[in-house]
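Structural characterization, general
Here's the letter readout for the chains.
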Amino acid sequence: MTDCCTQPGLIPIETARATLLRDMIPVEDTETIPLAQACGRVLAAPQIAGINLPPCDNSAMDGYALRLADLEDGKPLRLAGSAFAGRPFSGEVAPGTCVRIMTGAALPAGANTVVMQEQVERQGKSVFVRGTLRRGEHIRRRGEDVAEGDALLEAGTRLSVARIALLAAVGIGVVTVYRRPVIALFSTGDELRPPGATLGNGEIYDCNRTALLAALTQLGVDTLDLGILPDDKAIIREKLARAARDADAIITSGGVSVGDADYTREVLEEMGRVNFWKVAMKPGKPFAYGHLQGTPFFGLPGNPVSALITFQQLVVPALTAMQGGTWCPPVPLRAKLGKALKKKPGRTDFQRGIYRRDPAGGLSVEPAGNQGSHILSGLAEANCLIILPRDSGNADSGDSVAIEPLGVPLAP
Ligand code: AMP
Ligand code: MG
């Protein structure tokens, strides 16, 4: 049996990730930018609420603001005016009166309850309330979401859409974030042509660089796109030296395996240091991590699915740390496997899957097509990764397996 212990240099993914997280040096420089442009960026300062949210008691319904005690004698209330969102009622709700109120309008002084309009009958200025009300009903309280002075987000927090909404709601318009690390990126391979070009015999399109540029942009880092490099040691040497000089980290794809034209790792070994280059994961065993004049280097495998999964599993945590953020391991879900999966013990498996809710209310998961590390259609269709532990073997239909959902738009 082949496993981590019998394949020299093959290290568990947890060890690889822990090494990367330990080694990364966060950027120190900061910049202050408009909040709307800060999605994906990492806060360099804690954010404190300068106001209460909501800033004042207001109505959660379209209805009438009243004094609950006035309803005891069953008499109608007299309509004294109206309150709109942004146009409050200026007076006080006197005994025996009520105020027409819209959702979001400030609760007028004197009122302690809102009745929704569906529970009211109006005859001119007389308002009859049906049914019973609870004191304080349909009122959104000042500060019930956030109290003035509350610590909202700590330094090191990555801004998501939801966190941007929170900061905007307390009136924060600009934030101080760490500068974007500059990530140099190139693909290697004589067979690669950029999308849009005409393919010659035996050539393929370089999809890794396009996909990685998109992923890096989404992560909130700057990119230094060094294009496609041929399998030529001298050119790889020259570009690696430039990347080490101009970037905070270097990402390459291809050329880190054991083929005759796999030069990237060799050149890295010559010019710098390779910390490890075989990770006990599938896809993605050849993943080279090292340093070049102090600049971290991530050599992704060439096969596109391997490149993107090693990027997601290993490089994203490292870049998060480099951005000044804290990488939070995703919380895996459990799902019932709908189809047997083949696996040899020795490497953690990241199979592409499609999970859904089954009729019994639990989650079930099916593999998303062919699991070859060159099969992009399955990755594009997948909504999760099925994670099979390193030492496990085949998984049977009906087994409970760990899944990691892919892509949650509001999450950090
Ligand atoms: P390598 O790791 O360089 O041996 O490449 C492994 C496989 O991935 C080969 O089939 C390559 O043609 C393919 N490959 C390498 N780089 C890319 C890329 N940037 N885009 C698409 N396929 C690639
Ligand atoms: Mg290659």
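Preceding this paragraph is the structure being described.
In this report, the structure presented in the accompanying data block is examined. (Residues numbered from 1 in each chain as written. Chains lettered and ligands numbered in written order. Predicted model: local features only at pLDDT ≥ 70, side-chain atom pairs only at ≥ 80, totals over all residues. Heavy atoms only, no water.)

1. Things to note about the overall build of the chain
The secondary structure content of the chain amounts to 7 helices and 27 strands. Taken over C-alpha atoms, the radius of gyration comes to 29 Å for the chain, far larger than the 22 Å a tight globule of 412 residues would show. Considering only C-alpha atoms, the chain reaches an extent of 95 × 50 × 45 Å along its principal axes. The burial tally for the chain puts 46% of its 412 residues in the buried class. For the chain, contacts bridging at least 24 residues in sequence account for 70% of all contacts bridging at least 6. Accessible surface computed for the chain: about 19600 Å², of which carbon and sulfur atoms make up 52%. (Helix = DSSP H or I, 4+ residues; strand = E, 2+ residues; numbered from the N terminus. Rg over C-alpha atoms; globule rule 2.2 N^0.38 Å. Buried < 20%, exposed > 50% of the residue type's maximum accessible area, 1.4 Å probe, protein only. Contact = heavy atoms within 4.5 Å. Areas by Shrake-Rupley, 256 points an atom, 1.4 Å probe, with all protein chains shown as cover.)

2. Side note on the site of ligand 1
Taken together, 15 residues are adjacent to ligand 1, and Glu 191, Asp 206, Gly 255, Gly 302 and Asn 303 come closest. For ligand 1, an oxygen atom lies 2.5 Å from a polar atom in the side chain of Glu 191. In isolation ligand 1 has 480 Å² of accessible area, and contact with the protein removes 76% of it. At the level of secondary structure, the elements contributing two or more residues to the shell around ligand 1 comprise strand 16 (204-205) and helix 3 (207-219). Classifying every residue of the shell around ligand 1 by side-chain character gives 5 nonpolar, 7 polar and 3 charged. (Near = heavy atom within 4 Å. Polar contact = N/O pair within 3.5 Å; in protein donor to acceptor, adjacent residues only side chain to side chain. Nonpolar A, V, L, I, M, F, W, Y, C, P; charged D, E, K, R; others polar.)

3. Here we look at the packing of aromatic side chains
Two descriptors summarise a pair of aromatic rings, namely the distance from one centre to the other and the angle between the planes of the rings. Per the stated rule, a full pass over the model turns up 3 aromatic pairs. Seen from their ring centres, Tyr 289 and Phe 298 are 5.9 Å apart, and the 15° between their planes marks the pair as stacked. Grouping aromatic residues by their ring pairs yields a cluster made of Phe 276, Phe 287, Tyr 289 and Phe 298. Sitting over the ring of Phe 84, Arg 87 keeps its end group 4.6 Å from the ring centre. A cation sits over an aromatic face here: Arg 100 above Tyr 64, 5.2 Å from the ring centre. (Phe/Tyr/Trp six-rings, centres within 6.5 Å; stacked < 30°, edge-to-face > 60°. Lys NZ or Arg CZ within 6 Å of the ring centre and 35° of its normal.)

4. Section: the nonpolar core
The biggest cluster of nonpolar side chains holds 36 residues, and the ones touching the most others in it are Ile 251, Phe 287, Phe 298, Phe 311 and Leu 319. If you tally residues by element for this core, the top one is helix 6 (residues 304-322), at 11 residues. Formed by 18 residues, the second largest nonpolar core is a distinct cluster that contains Leu 240, Ala 243, Ala 244 and Leu 292. (Core = buried A, V, L, I, M, F, W, Y, C linked by side-chain atoms within 4.5 Å.)

5. Focus on the side chain of Thr 252
By secondary structure assignment, the location of Thr 252 is in strand 18 (residues 249-253). Judged by its relative accessible area of 0%, Thr 252 is buried. Those residues within four positions of Thr 252 in sequence are excluded, and the remaining contacts are Phe 186, Thr 264, Phe 297, Phe 298, Gly 299 and Leu 300.

6. What about the pattern of salt bridges?
Counted according to the given criterion, the structure contains 19 salt bridges. The salt bridge partner of Asp 57 is Arg 141, with a shortest N-O separation of 2.9 Å. Remark: Arg 141 occurs in the loop between strand 11 (139-140) and strand 12 (151-153) and Asp 57 occurs in the loop between strand 3 (47-48) and strand 4 (58-59); sequence separation between them is 84 residues. For Asp 57, a relative accessible area of 24% corresponds to the partly exposed category. Residues Arg 180 and Asp 222 are paired through a salt bridge, measuring 3.6 Å at the closest nitrogen-oxygen approach. With Arg 180 in the loop between strand 13 (174-178) and strand 14 (182-188) and Asp 222 in strand 17 (residues 222-229), this residue pair connects regions lying 42 residues apart in the sequence. Take Arg 180: its relative accessible area is 27%, and that puts it in the partly exposed class. Among the charged side chains, a network of salt bridges with common partners joins Glu 14, Arg 390 and Asp 391. (Salt bridge = Lys/Arg side-chain N within 4 Å of Asp/Glu carboxyl O.)

7. Regarding the packing of helix 4 (residues 233-246) against helix 5 (residues 264-271)
Across the interface, helix 4 lies against helix 5 with an axial gap of 10 Å and an inter-helix angle of 60°. Here helix 4 is positioned oblique relative to helix 5, judged by the angle of their axes. Viewed along their axes, helix 4 and helix 5 form a crossing whose handedness is right-handed. Only Thr 264, Glu 266, Val 267, Leu 268, Glu 270 and Met 271 of helix 5 make contact with helix 4, whose side of the interface consists of Lys 233, Ile 236, Arg 237, Leu 240 and Ala 241. Along the lines of polarity and charge, the residues of the contact of helix 4 with helix 5 split into 6 nonpolar, 1 polar and 4 charged. (Axes fitted to C-alpha atoms, helices over the stretch in contact; angles between N-to-C directions. Parallel < 35°, antiparallel > 145°, perpendicular 65-115°, else oblique. Left-handed = near helix turned anticlockwise from the far one by under 90°.)

8. Considering helix 1 (residues 13-23)
Those residues of helix 1 lying buried are Ile 13, Ala 16, Arg 17, Thr 19 and Leu 20. When helix 1 is viewed along its axis, its buried side chains cluster within an angular range of 160° and face the same direction. (Arc of directions from axis to C-beta.)

9. Notes on the packing of helix 3 against helix 6
Here helix 3 crosses helix 6 at 25°, and the two axes come no closer than 11 Å. If you check the angle between helix 3 and helix 6, you find them roughly parallel. The handedness of the crossing between helix 3 and helix 6 is right-handed. Contacts between helix 3 and helix 6 pair Cys 207, Asn 208, Ala 211, Leu 212, Ala 215, Leu 216 and Leu 219 from the former with Pro 304, Ala 307, Leu 308, Phe 311, Val 316 and Leu 319 from the latter. Counted by class, the contact of helix 3 with helix 6 contains 12 nonpolar, 1 polar and no charged residues.

10. Looking at the sheet that holds strand 14
With mixed pairing, 7 strands are arranged side by side in an open sheet as 1-19-21-22-18-14-17. The open sheet has two edge strands, strand 1 (10-11) and strand 17, and neither has a second partner. Where strand 14 lies against strand 17, 6 bridges are found, and the strand directions are parallel. For Ile 183, the partnering residue across the bridge sits in strand 17 and is Thr 223. Those strands touched by helix 1 are strand 1, strand 19 (273-279), strand 21 (286-292) and strand 22 (295-300), and its axis lies near 150° from that of strand 19. Where helix 3 meets the sheet, its contacts fall on strand 14, strand 17, strand 18 and strand 22, and the angle it forms with strand 14 comes to roughly 165°. (Pairing = 2+ DSSP bridges.)

Honestly, that's just the spatial picture; any functional story needs more than this.
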